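Read off the chains here:
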Protein chains: 2
Amino acid sequence: MTEAEVFSAVEELARNARAASYKLSQLGTDQKNAILRAMAAELRARTAEIVAANALDIAAGEEKDLSKPMLDRLRLDAGKVEAIAKGIDQVVDLPDPVGQVMEKWTRPNGMHIHQTRVPIGTIGIIYESRPNVTSDAAVLCFKTGNATILRGGSEAFHSNTAIAAALQAGGETEGLPAHSIQLIPFTDRSSVSALCKMDKWLDLIIPRGGKGLIETVVSQARMPVIKHYDGICHLFVDAAADLDMSIKLAVNSKTQKTGVCNALETLLVHSAVAATHLPAIAEVLVEKGVEIRGCERTRQIIDAIPATEEDWETEYLDLILSVKIVDSLQEAIDHINTHGSHHTDSIVTGDQAAADAFLSGCDSACVFHNVSTRLADGEEFGFGAEIGISTDKLHARGPMGLRELTSYQYRVRGNGQAKW
Amino acid sequence: MTEAEVFSAVEELARNARAASYKLSQLGTDQKNAILRAMAAELRARTAEIVAANALDIAAGEEKDLSKPMLDRLRLDAGKVEAIAKGIDQVVDLPDPVGQVMEKWTRPNGMHIHQTRVPIGTIGIIYESRPNVTSDAAVLCFKTGNATILRGGSEAFHSNTAIAAALQAGGETEGLPAHSIQLIPFTDRSSVSALCKMDKWLDLIIPRGGKGLIETVVSQARMPVIKHYDGICHLFVDAAADLDMSIKLAVNSKTQKTGVCNALETLLVHSAVAATHLPAIAEVLVEKGVEIRGCERTRQIIDAIPATEEDWETEYLDLILSVKIVDSLQEAIDHINTHGSHHTDSIVTGDQAAADAFLSGCDSACVFHNVSTRLADGEEFGFGAEIGISTDKLHARGPMGLRELTSYQYRVRGNGQAKW
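Residues numbered from 1 in each chain as written. Chains lettered and ligands numbered in written order. Predicted model: local features only at pLDDT ≥ 70, side-chain atom pairs only at ≥ 80, totals over all residues. Heavy atoms only, no water.

For the rest of this paragraph, the subject is the overall build of chain A. For chain A, the count of helices and strands is 15 helices and 16 strands. Rg of the C-alpha trace for chain A: 24 Å, near the compact-globule value of 22 Å for 420 residues, within the 12% margin. When the backbone C-alpha atoms are referred to their principal axes, chain A occupies close to 70 × 65 × 40 Å. A total of 420 residues make up chain A; the buried ones form 59% of that total. If you take every contact in chain A between residues at least 6 apart in sequence, the share linking residues at least 24 apart comes to 73%. Total accessible area on chain A is roughly 15,500 Å²; 50% of this is exposed by carbon and sulfur atoms. Of the charged side chains in chain A, 41 are positive and 56 negative, and the gap between their average positions amounts to 8 Å. (Helix = DSSP H or I, 4+ residues; strand = E, 2+ residues; numbered from the N terminus. Rg over C-alpha atoms; globule rule 2.2 N^0.38 Å. Buried < 20%, exposed > 50% of the residue type's maximum accessible area, 1.4 Å probe, protein only. Contact = heavy atoms within 4.5 Å. Areas by Shrake-Rupley, 256 points an atom, 1.4 Å probe, with all protein chains shown as cover. Lys, Arg positive; Asp, Glu negative; His and termini not counted. Charge placed at Lys NZ, Arg CZ, Asp CG, Glu CD.)

Further remarks concern the interface of chain A and chain B. At the junction of the two partners, chain A supplies 77 residues and chain B supplies 77 residues. Our count for the chain A to chain B interface comes out at 10 salt bridges. A salt bridge links A:Arg413 to B:Asp356, with the shortest nitrogen-to-oxygen separation between them at 3.3 Å. On inspection of chain A and its partner chain B, the count reaches 49 residue pairs in polar contact (both at pLDDT 80 or more). (Salt bridge = Lys/Arg side-chain N within 4 Å of Asp/Glu carboxyl O. Polar contact = N/O pair within 3.5 Å; in protein donor to acceptor, adjacent residues only side chain to side chain.)

Pairing between the strands of a sheet is mediated by backbone hydrogen bonds and can be parallel or antiparallel. Spatially, 10 strands are ordered β1(A)-β2(A)-β16(A)-β13(B)-β12(B)-β7(B)-β8(B)-β11(B)-β9(B)-β10(B) in an open sheet, and the strand pairing comes out mixed. Both edges of this open sheet fall to β1 (101-106) of chain A together with β10 (305-306) of chain B, since each of them pairs with a single strand only. The pairing of strand β7 (residues 233-237) of chain B with strand β12 (residues 344-348) of chain B spans 4 bridges and is parallel. Paired with B:Leu235 across the two strands is B:Ser346, which belongs to β12(B). (Pairing = 2+ DSSP bridges.)

Considered domain by domain, chain A is made up of domain 1 (3-227 + 399-412) and domain 2 (233-380). On a C-alpha basis, the centres of domain 1 of chain A and domain 2 of chain A stand 36 Å from each other. (Domains from an automatic or database assignment.)

Right under this line is the structure:
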């Protein structure tokens, strides 16, 4: 397809999504839940079909020599399809934020103002290899009354197509409006740029994937984008930090799972306790197989590879940890604000004033006191589901649940109020 | 200056703004109010200086043959400087949203989660001729703990410089951090493009001005932008509309002030009452000097210039009104969603079900029942001040007060919670 053909095909999808969004915004919660149940049922009914479509992607991926982790992320079996369907069941059980009155008040002239949650409208989701995102993202957007355009990775094209078709077909049996969930039906790369220009029809783009993809979307999109580039999370062991808690939280934050955005990447240690705490923490980390890259002062206390300036801004996503000794709480905060990614940063301390200063001083979506960074997560926060974690500050920050997929509208009722 | 020089000068300002923002976020409400009072005092003390600077802009404007309305918007006298200072006094009296706990809850594992309002951080304001925006915008952003970079119109450069200098100098006497309020100290046009690339340092850009300026910012900005393009507001006279109220609200919405975004541009009339209501409404509008452009069916009932397709998407900002007859509530909603600008749309009706369907069906920031579109305004809503009206759906929609200049942060306190 030429770029112009891609553009006009994407525009057609986007225009249709807008039309669908006006129907979606009028659906009640019960009908949306009936549609969701029908989607889950159809996904289960089409398990064999979906697994067969996935086999095509796997075969093509093997031919293209995709890495084993990539193939693992791509692969579906009956159990994974069931897990996707179960995800839908869970979304059925979540409360619907649409229609909630956030605030209401009456003005001296008698106008009654309601600030009411409404769907955002139309959302483009651009994502990479995991085919379950096709369902997870579409279903959360649907529950909140939004129409979606899905642009998955080309390596998962057959899988994504089969999943999206099941959602749409299942949903339609319960009245899902046409074009509510549309997967871009071709793999041309220029469809990403085309989506970014659809600000007339698309209210929001959520890119989920590597930094390159997100950079492309940020530089091209004319509509709002909600994203997170990376998670360079810090744990600060304060002068008043309990030793056992320091060990526990450093080890959990770093090693419980490494390839995730809320894993620890840099440990900051107050110089007042470095001599006592750092060796004890390092011992357990090293036992767990963690490679330590330390600043000069760290290396005077424990064995460590010398850390470079680059280490302070690197998301390892691996069993590697950078360690720096700082002389004050303020130095820790400054380091985090300068080198971090404004995702999640935690302090270990028994000093309430230090904790408060850290929490209000760090410019991060999630700021923790005596809690593992791994708990920065929609499920852990109790949101029931998570569409992603935002390191932006506008609209949604941190873990995003259903509420973050809504906008609001001022509904004003009066009896002839005018301006004089 | 070369483009590279402009870029690096703007980057310096942006980096300094980020540093200032970390100090601003730590100021308490009392200190911020003391700073605001000192700003107002300094503005008043420098009245003669500001008016003299303004005279330079006016002289240059006259030489450049700026239109009379533009010169009027540009002109400052002692009274206008006093009005700017009074605006600051009013902001002192507004409650400070920073630090408010929006929600708090405890998880089964004992983590206490607070969702707390915090400043956004750094905000770029790009605006056109009115020099009062320099103070109005900077002061609202300051009250909410944000650092600002101001990029005013070149025709107001001397006035803006004098006002910004007064704010900074006055504020510093009470501890305003350096670089909290920075005006770009040159008029090169490429500073707008440079600001749009500062996503590392700037969290938000708010463009205020004509469509061309906003288009430029939207297409270039890598960070979030809050804007409104235009206000194509509708009033729908429903089948169950009271005649007197229809006349009152149509006349008020259209004629109370015309050059504003919440003025009426299109009147939709239900065919069931067109024969009775339309002539009566038109009579008063014509008396007030309004030119009517009507659809074919309108022109069978009243005198009107033929409306073209373009009229349905034109913001006249003048004594001109397009009028269309529709056969149903749904047709009115569809027309508004298709041709409107998602700003403010109002229904006149005595039918509660029709009103509810209109309010939930229109995809607009403000949806009104029996209220003049002119009341879509931060002051009228009781926000005390308004930084602008957003027709976007993310973060802020409709009139934006102080609260819309804040973000939030999840502050989580625990006693060793980890992920297992």
